[in-house]
Amino acid sequence: MRALSVVVGAGGRDTCVLCRKAVSASYDPAPVVMQRIDRVLADAPHPPFSLLFSGADAFGHPDLPALIAYVVRGGATRVGLETDGRALTVGGNAGGAIHAGVRRFDISLLAADDVAGERLYGRADAAGLALQGVAECVAAAERAGVNVAVTAAVPVCAHNLDDVARTVAALAAVGVACVRLDARDLPFSAHASACLVAACDTGMVDGVWVEVLGSPEALPPSHVLHVAGEERE
Amino acid sequence: MSDVSEVLKVVFVGLNSPGYQSLALGYLRSYAQADRRLAGRVAFQTLDLTVDVDPWWVAYRVLALEPDVIGIPLTCWNARNAYDLCRVVKAARPATRIVMGGPEAGPVAAELLAAHPEVDIVVRGEGEVTFAELLYALTRGRAVHHVEGITTRDDAGAVVSAPDRPLIADLDSIPSPYLNGVMVPSNGAAYIETYRGCPHHCGYCFEGKGYPRVRSFSEARIAAEIDTVAHTSGVTSFSFIDAVFNLTDDRLAFLAGCLAPYAAQGMRLHTVEVDIERIDDAQAALLASAGVASVETGPQTVGAQALATCQRRFDRDRFTRGVEALKRADIAVECDLIVGLPGDTVQDFFDGLEFCLDLDPGIVQTSTLHVLPGTDLWKRAEELGLRYDPEPSHEIIATDTIGYNDLRRAEVRSIYLQRIYKARL
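Residues numbered from 1 in each chain as written. Chains lettered and ligands numbered in written order. Predicted model: local features only at pLDDT ≥ 70, side-chain atom pairs only at ≥ 80, totals over all residues.

### Quick notes on the sheet that holds strand β9 (residues 209-213) of chain A
Working definition: the strands of a sheet are paired by backbone hydrogen bonds and lie parallel or antiparallel to each other. Residues and elements named next belong to chain A. Taken in spatial order, the 7 strands of this open sheet run β1-β4-β5-β6-β7-β8-β9, and their pairing is parallel. Sheet topology places β1 (4-7) and β9 at the edges, where each strand pairs with a single neighbour. Going from strand to strand, the sheet's axes swing by 20° on average, the running direction of each strand aside. Against the sheet, helix α7 (residues 190-206) engages β8 (178-182) and β9, with an angle of about 155° to β9. (Pairing = 2+ DSSP bridges. Helix = DSSP H or I, 4+ residues; strand = E, 2+ residues; numbered from the N terminus. Axes fitted to C-alpha atoms, helices over the stretch in contact; angles between N-to-C directions. Contact = placed C-beta atoms within 7 Å.)

Structure representation (structure tokens):
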């Protein structure tokens, strides 16, 4: 049951401000997104579907409730969305999305805490809010008595590389099921490899799966299972 | 009367997984209670507890009953707690005879006694007749090491084993613990056994307990047990302990016929084990009419080498057709996979997981291999390159094809994939 991805917009995703300038989010109109959904579902074999709203932070889309309802009516039983995580702390977003039928939240995180995050996000509270968002999401799922999975993407660059193991530990502590370290832009070095290995091992100790997106050479043969493969939904 | 108190006080102690009742203890007690030679000479009590209770508190409850004999069925899951319990009981009340049986004890009886001085006697194989004969010997003050099926220590402290006891020819000779009131079925925790043995001989499994053939309880007995359990107040679901619920078409039809009237009133059966490759729409319809809400099945592995080593068959198309038939009948399927089977690589395990997830069966359950005493894998562990914990629960440590670290990685990754799979409407 591979997740079918439907883009709801572009930009707005967290990136290290020391590496590149953030791009503002823009969202596609709901009818356009619905047409994409129709096309994706037409190519899918049969219900039930797994569908992930991707591109920009889904909570920024003005018609997100209607889009969720649309895919649920279309036969999706596993609805997921990408978010910066901070949106989960706002106005009951976590509980509302779960109520609407979302069962997977894929958050992004650059740092383990606000001290480390201030430099990377260019704001003081981003990392802490994202982690708080995950915790609120997990708590909302427990209150609702439903199974929800939270996964996390960590863009890895030279500025957070040394702290990436601690970031994995922070995500594990709030109940994330899997951490994907996006190291595609990271130049290969022995130090980078050692940091990624430490992050993978931290995940093992804390019971959270860590996979590394990037060159297979980024990890030594002993850790080849952590190289990101085909993602399952 | 022997050197124990005038009436031999026997306490059965079950350390079950939460949500289960010990059918084994029910059988042991039912058979012994029906033995007229023991009438007036032996008193029975049962403590049907769960393995999550602190063994010292279990000991507190056991010792409060001042037992002369305690009987404990041992499994790989409860063995560590059971040994703790017995050590405390023996120290506090040395005269208490501690008797163990079950799959974790019988196949390693001599080794168990050598390693655990607190244990006095091991019952090997089927326990009902042997345990009753043991009690009879005790009440008569006779040496117990002559009782067939017993391993114990002689007067000099040497471990000695009496010959094996033949299997019980007529299972109906064991009184039903449900029909005689020894066990009161509790909702969701009651299990019925309709036969012993298993038609399959999977190398990792001790469910067939080495019995060479399948022996069945009579249809009349089975029907009466179903009737009793289903009529018990508050019971809306129960299950069957049989290794294969759909053993034959005729048998499935018989069971469905017995169960259908109760299913029509809302009674449900959960996680009965089935041979999925035999299931078609007709069998699925029978299961649905019997109130089966969920079934449990393999494939355990899809790796060709592990399948061959474990003497399992697996036909991808037949398996798929079975799952699809059950889904059409609105029956959830639990597909089980084992990581660490001999010959399997990590990729084999994840290929199996992918196969199961693609079927969208309802539940996908993975577990790590336990090399259980008495199984073929246990006997051939060295030859097959299986390194496992000699202490219960005998979890695999490494194989020739998967190292320790990758086994742990496979566990953590499969837990993540299962969480993703479960996160659905």
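Back to the text.
### Concerning the interface of chain B and chain A
Residue-level contacts link 17 residues of chain B with 19 residues of chain A. Among the residues making up the side of chain B that touches chain A, the classes are represented as 8 nonpolar, no polar and 9 charged. (Nonpolar A, V, L, I, M, F, W, Y, C, P; charged D, E, K, R; others polar.)

### With respect to the sheet that holds strand β5 (residues 121-123) of chain B
Residue and element names in this part refer to chain B. Spatial strand order, β2-β1-β3-β4-β5-β6-β7: 7 strands in an open sheet with mixed pairing. Each edge of the sheet is formed by a strand with only one pairing partner; in this case those strands are β2 (42-50) and β7 (159-161). Taking the axes of each pair of neighbouring strands and ignoring which way they run, one obtains an average angle of 20° across the sheet. Inspection of the sheet shows β5 paired to strand β6 (residues 150-153) by 3 bridges, in the antiparallel sense.

### Looking at unusual backbone geometry
All names here are of chain B. Note that the residue after Gly298, namely Pro299, is joined by a cis bond; omega there is 15°. You can see Pro299 is positioned in strand β14 (residues 294-300). Phi at Thr271 is positive, roughly 45°, even though this residue is not glycine. By secondary structure assignment, the location of Thr271 is in the loop between β12 (268-269) and β13 (272-273). Overall, the presence of 18 C-beta atoms within 10 Å leaves Thr271 in the partly exposed class. (Buried ≥ 20, exposed ≤ 12 C-beta atoms within 10 Å, placed from the backbone.)

### Focus on the domain arrangement of chain B
Residues and elements named next belong to chain B. Domains assigned within chain B are domain 1 (8-161) and domain 2 (184-422). Taking only C-alpha atoms, the centre of domain 1 and the centre of domain 2 are 29 Å apart. On the domain 2 side, the residues contacting the 12 residues of domain 1 number 16 residues. Looking at the side of domain 1 that touches domain 2 residue by residue, the class counts come to 8 nonpolar, 2 polar and 2 charged. (Domains from an automatic or database assignment.)

### Digging into the pairing of strand β4 (residues 49-54) of chain A
All names here are of chain A. With respect to burial, β4 is a largely interior element, 5 of its 6 residues being buried. Where β4 meets strand β5 (residues 76-83), 5 bridges bridge the pair, whose relative direction is parallel. Along β5, the bridge assignment pairs Leu51 with Val79. Handedness of the β-α-β unit built from β4, helix α2 (residues 64-73) and β5 comes out right-handed. (Right-handed = clockwise from strand over helix to strand, strands pointing away.)

### What to know about helix α2 (residues 55-64) of chain B
Residue and element names in this part refer to chain B. By the burial criterion, the buried members of α2 are Pro55, Val58, Ala59 and Val62. Each buried residue of α2 lies within a common arc of 100° when the element is viewed along its axis, so the set occupies one face. Turned more than 90 degrees away from the buried face of α2, the exposed residues are Trp56, Trp57 and Ala64. Buried residues in α2 make contact with β1 (8-16), β2, β3 (69-73) and α3 (79-92). Phi for Glu66, located one or two positions after α2, is positive at around 45°. (Arc of directions from axis to C-beta.)

### Considering the pairing of strand β7 (residues 149-155) of chain A
All names here are of chain A. Where burial is concerned, most of β7 is hidden: 6 out of the 7 residues are buried. Alignment of strand β6 (residues 102-108) against β7, held across 5 bridges, turns out to be parallel. Each bridged residue has a counterpart across the sheet, and for Asp106 the counterpart in β7 is Thr151. Strand direction decides the pairing type here: β7 and β8, joined by 5 bridges, are parallel. Paired with Pro155 across the bridge in β8 is Asp182. Of the crossover connections in this fold, the one passing from β7 over helix α6 (residues 164-173) to the parallel β8 is right-handed.

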